[in-house]
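Next come the chains, spelled out residue by residue.
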Amino acid sequence: MTMLQQSPLSGIAAATPVPAPRALGAINWVGFTTLTKREIRRFLKVWVQTIAAPVVTTLLFYSVFALALGGVVRMVGDVPFLRFLGPGLIMMGMAQNAFANTSSSVLVSKVQGNIVDVLMPPLSPFEFVSAFVTGGIVRGLMVGFVTWIVIQLVVPLGLHAPFYVLFHAVMASMLLSLLGLIGGIWADKFDHMAAITNFVITPLSFLSGTFYTLDSAPRFFHTVAHVNPFFYFIDGFRYGFIGRTDGTLGTGIAVMLGINLVLWLVALRMVSTGYKLKA
Amino acid sequence: MDMPATGLGAETPLPAGAYRPDRRRHHRRFNTLGFLTLLGREIKRLRKLAMLFLVAPGLSAALYFTVFSFGLGDKRGTPEGDAILAFLVPGLVTLSLLTQSVQIPSFSILYAKMEGAILDQLMAPVGAAEMLAAYVLSAMAAGVASGAAVWVGFLIFWQAPMADPALVLLFVVLGSSMMATFGVLTGLISVKWDHLSAAMTFVFTPLIFLSGLFAPVAGMPGMLRAIVQANPIYYAIDGVRIGFLGQGQDQAALAVLVLVAVNVALLAIAGTLLHRGYRLRN
């Protein structure tokens, strides 16, 4: 009787140590690298759609626009048109794919319900956002690199300032990854995402001076270009290849850093409050 | 109480069109009611997708147009620049027409297959002819609506008079039915979404873009010109352009011939596959 009256739990408690909370340090590196790896494997598994398809589309644009807009002889300033067009198209491909990577990842997870898999683990908002953005940047850079290699085989683009190329590539991919993340969190349906792509991302990337210099566009479109972040990163990226710029590089860098900072804060705020993520 | 052995006999009056298990329903070789029902369903589907196939292509055509007119730089405003834009407008209208014609039926068929809803029409007394006609006609309607939206948009800031509306209509019909049948075939062959997007990216987009859409074939290097002229889409785009600009009618006959031949061949293949239930009935 005495044996039974003694709580069976106390016996167990004495035998096993009290579970202590896991100490994670300032940054949960394991969590961050795991989510980053998932984000990268996610698109690499379907590389035909995520890497090869955008490269083919970009090359198609390149050949069609090169043929239609004056062929081999046309010059933009003192640069052949083909060299002018190349960097802009590479940047367009990178930007669109960085955006597609984060937005589709978040939206698919939300629609299918497996977003809980990344909300439950001990990931801080910063780790969460960084991992998604890293996935987007890696995809953007891979698409850009492969496109560059292929174009380089046909039309040598030159390399004036490699640092500017890399800096603008990373900054632009980051900006679009953050936009994609924010868009993916905001959207409820695939229709919403398609609307953002059709009505925001595509017009911004077309009206950015990829296909023309600002000298040849009417006054109104100068203004449009200067409030369009795409203009700055295409212009700076192109400067890295051909050493010629439409705007001022310093302004562009300041604009990109500023927009990136704001988008980081918005994304962090969305994740920490659980906006449209935690119902 | 004796029930008639044959179930619901002639004694029980039933409303017209009611299900009579004891009677075999007869319809003619072409089940018009089935065809109209299927067509109606496809058109209803289109109404919900109007945003996708009217607004988005219109916007992208406007973007292409802007980019081209600025990209021409110092050529813009000169007769040469005008000629390039006049060349471009029919091309952009046709781009929208052809892209939507191929996308709409392939998506519809694959979606029905993935969701299992394809059973609804496989069980119904509609055969290959009815199904093919319904899919192709609804896709043509979507393509024509989308092309027309783009053209009306252009009329606002670029007057592109149609020199020969009948010729334009003929090539619009031939081109969109060809692409719609391609779309039906793509939907039948695809098993996953990946297949559909691969077909779009690696087959149809290159075919549509490398068809003299944006640049005259005459200005292309020999090898590329041969490739473009082997592309059936080239003849549809060229035909629409002849109708718009009213130049080069002598080529129209060849274009009609090529398109009719391709259409007949594709319809025959698609009809056979539908009849056999290729990747529909497993």
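K.L.:
How would you explain the overall build of chain B if you had to name every residue and give the values?
P.N.:
Scanning chain B from terminus to terminus reveals 10 helices and 0 strands. The helix and strand sequence of chain B, counted from the amino end, reads α-α-α-α-α-α-α-α-α-α. A principal-axis box enclosing the C-alpha atoms of chain B has dimensions of 95 × 40 × 35 Å. Residues counted as buried form 38% of the 282 residues belonging to chain B.

K.L.:
Quick one: what's the story with the overall build of chain A, residue by residue and with numbers?
P.N.:
On a plain count of helices and strands, chain A comes out with 12 helices and 2 strands. Listing every helix and strand of chain A by position from the N terminus yields α-α-α-α-β-β-α-α-α-α-α-α-α-α. Its C-alpha radius of gyration of 24 Å places chain A more than 25% over the 19 Å reference for a compact globule of 279 residues. Seen along its three principal axes, the alpha-carbon backbone of chain A occupies a region of about 100 × 35 × 35 Å. Classification of the 279 residues of chain A by burial places 42% in the buried group. A sequence separation of at least 24 residues applies to 84% of the contacts in chain A between residues at least 6 apart.

K.L.:
For helix α7 (residues 193–209) of chain B, give the residues involved together with the corresponding values.
P.N.:
Residue and element names in this part refer to chain B. Relative to the 24 Å expected for 17 residues at 1.5 Å per residue, α7 spans 22 Å between its end C-alpha atoms, a close match to the ideal helical length. The axis of α7 is deflected most strongly, by about 35°, at M200. Those residues of α7 not exposed but buried are L196, A199, M200, F204 and I208.

K.L.:
So, the packing of helix α4 (residues 47–68) of chain A against helix α5 (residues 81–112) of chain A: which residues are in play, and what are the values?
P.N.:
All names here are of chain A. Contact pair α4 / α5: the axes reach a minimum separation of 10 Å and the direction vectors enclose 150°. The angle between α4 and α5 places the two elements in the roughly antiparallel class. Pair α4 / α5 crosses with right-handed handedness. Within the contact between the two elements, α4 uses P54, T58, F61, Y62, F65 and A66 and α5 uses L82, L85, G86, L89, I90, G93 and N97. Residue composition of the contact of α4 with α5, grouped by class: 9 nonpolar, 4 polar and no charged.

K.L.:
Provide a residue-level description of the interface of chain B and chain A, including the pertinent values.
P.N.:
How large an interface is tends to be reported as the accessible area lost when its parts come together. Of the residues lining the interface, 23 residues belong to chain B; the matching set on chain A comes to 22 residues. Secondary-structure elements contributing two or more residues to the side of chain B that touches chain A are α2 (50–71) and α7 of chain B. Element by element, the count of residues in the side of chain B that touches chain A is highest for α2 of chain B, at 9 residues. Here the side of chain B that touches chain A is composed, by residue class, of 14 nonpolar, 7 polar and 2 charged.

K.L.:
Requested: an account of unusual backbone geometry, with residues and values cited.
P.N.:
Positive phi is not limited to glycine here, since K276 of chain A has a value of about 55°. Looking at the secondary structure, you find K276 of chain A in the segment after α12 (249–273). A positive phi is found at R279 of chain B, a non-glycine position, where the angle reads about 55°. Take R279 of chain B: it is sitting in the segment after α10 (252–276).

K.L.:
Kindly report on the packing of helix α8 (residues 162–186) of chain A against α12 of chain A, identifying the contributing residues and their values.
P.N.:
Between two packed helices, what matters for the description is the angle formed by their axes and the separation of those axes. All names here are of chain A. With their axes 9 Å apart at the nearest point, α8 and α12 run at an angle of 30° to one another. When the axes of α8 and α12 are compared, the pair comes out roughly parallel. Handedness of the crossing formed by α8 with α12: left-handed. For the pair α8 and α12, the contacting residues are M171, M174, L175, L178, L179, L181, I182 and I185 in the first and M256, I259, N260, L263, W264, V266, A267 and M270 in the second.

K.L.:
Give me the environment of V102 of chain B: which residues, what numbers.
P.N.:
Position of V102 of chain B among the secondary structure elements: in helix α3 (residues 79–115). With near-sequence residues (within four places) excluded, V102 of chain B lies in contact with M179, A180, F182, G183 and F204 of chain B.

K.L.:
Please set out the confidence of the model for chain B residue by residue, giving values where relevant.
P.N.:
Regions with low pLDDT should not have their predicted coordinates read in detail. Residues and elements named next belong to chain B. A residue-level look at chain B finds 92% of positions with pLDDT of 70 or above and a mean pLDDT of 86. The spread of mean pLDDT over the elements of chain B runs between α2, the lowest at 83, and helix α6 (residues 165–189), the highest at 96. pLDDT under 50 marks residues 1–5. Its contacts with residues more than four places away, or in other chains, come to 2 contacts. Model confidence for the complex: the whole-complex pTM is 0.84, and ipTM, which rates the interface, is 0.78.

K.L.:
Break down the environment of F182 of chain B for me, citing the residues and quoting the values.
P.N.:
All names here are of chain B. As for its placement among the helices and strands, F182 is situated in helix α6. Judged by the 25 C-beta atoms lying within 10 Å of it, F182 is buried. Put simply, F182 and N263 are 81 residues apart on the chain and 9.3 Å apart in space, counted from C-alpha to C-alpha. If we ignore the near neighbours within four places in the chain, the residues touching F182 are V102 and L266.

Rules and cut-offs
Residues numbered from 1 in each chain as written. Chains lettered and ligands numbered in written order. Predicted model: local features only at pLDDT ≥ 70, side-chain atom pairs only at ≥ 80, totals over all residues. Helix = DSSP H or I, 4+ residues; strand = E, 2+ residues; numbered from the N terminus. Buried ≥ 20, exposed ≤ 12 C-beta atoms within 10 Å, placed from the backbone. Rg over C-alpha atoms; globule rule 2.2 N^0.38 Å. Contact = placed C-beta atoms within 7 Å. Expected span 1.5 Å × (residues − 1). Bend = angle between axes of the 7 residues up to and from the residue. Axes fitted to C-alpha atoms, helices over the stretch in contact; angles between N-to-C directions. Parallel < 35°, antiparallel > 145°, perpendicular 65-115°, else oblique. Left-handed = near helix turned anticlockwise from the far one by under 90°. Nonpolar A, V, L, I, M, F, W, Y, C, P; charged D, E, K, R; others polar. pLDDT = per-residue confidence, 0-100.

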